[in-house]
Amino acid sequence: MVEISKQKDIIIQDRTIYEDARIFAPNLHAMGLMSTRDFENYSDLFDLMMSLVNPPDLLIYLRSSIPNLIAQIQKRGRE
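Residues numbered from 1 in each chain as written. Predicted model: local features only at pLDDT ≥ 70, side-chain atom pairs only at ≥ 80, totals over all residues. Heavy atoms only, no water.

Q: I would appreciate a short explanation of the packing of aromatic side chains in the present structure.
A: Here the distance between the centres and the angle between the planes together describe a pair of aromatic rings. Enumeration according to the criterion identifies one aromatic pair in this entry. Measuring from centroid to centroid gives 5.7 Å for Y18 and F46, while their planes differ by 80°, and the two rings are edge-to-face. Separated by 28 residues along the polypeptide, Y18 in helix α2 (residues 17-30) and F46 in helix α3 (residues 36-52) bring together distant segments of the chain. A residue is classified by how much of its surface remains accessible, and Y18, at 16% relative accessible area, is buried. (Phe/Tyr/Trp six-rings, centres within 6.5 Å; stacked < 30°, edge-to-face > 60°. Helix = DSSP H or I, 4+ residues; strand = E, 2+ residues; numbered from the N terminus. Buried < 20%, exposed > 50% of the residue type's maximum accessible area, 1.4 Å probe, protein only.)

Encoded structure:
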């Protein structure tokens, strides 16, 4: 991420650390699969990392229903 922030070129990423820190980690914590201590440590580390780099100029968030997501996963031949 630090290397990307140093680039002068336009960079397009299809996955970022934002999805892990702001979507997956909170869901794991809410489901009881991540302890509060681990979630807080992870969140603090993410916030520290974000203080060292500039945020993206544009972030696109796509929302979908769970049944649609499952159907899309199955179309790719995954369980």
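Q: Please clarify how α2 should be interpreted in this entry.
A: Each full turn of the α-helix corresponds to 3.6 residues, which orients residues three or four apart in the same direction. Over its 14 residues, α2 runs 19 Å from end to end, which matches the ideal 20 Å to within 8%, given 1.5 Å per residue. Turning to α2, its buried residues number three or more, namely Y18, E19, A21 and A25. Tucked inside the fold, the buried residues of α2 contact α3. Looking one or two residues beyond α2, the residue adopting positive phi is G32, at roughly 80°. (Expected span 1.5 Å × (residues − 1). Contact = heavy atoms within 4.5 Å.)

Q: When you look at the packing of α2 against α3 in this model, what are you seeing that I'm missing?
A: In a pair of packed helices, the angle between the axes and the distance between the axes together describe the arrangement. Relative to each other, α2 and α3 sit at 165°, their axes nearing to 10 Å. With respect to each other, α2 and α3 are oriented roughly antiparallel. Crossing angle aside, the handedness with which α2 passes α3 is left-handed. In contact with I17, Y18, D20, A21, R22, A25, P26 and H29 of α2, α3 contributes T36, F39, Y42, F46, D47, M49 and M50. (Axes fitted to C-alpha atoms, helices over the stretch in contact; angles between N-to-C directions. Parallel < 35°, antiparallel > 145°, perpendicular 65-115°, else oblique. Left-handed = near helix turned anticlockwise from the far one by under 90°.)

Q: Just checking my understanding: could you explain the nonpolar core for this structure?
A: Nonpolar side chains tend toward joint burial in soluble globular proteins. Among the nonpolar cores identified, the biggest contains five residues, and these are Y18, A21, F46, M50 and V53. Among the secondary structure elements, those contributing two or more residues to this core are α2 and α3. When neighbours within four sequence positions are excluded, A21 is seen to be in contact with P26, Y42 and F46. (Core = buried A, V, L, I, M, F, W, Y, C linked by side-chain atoms within 4.5 Å.)

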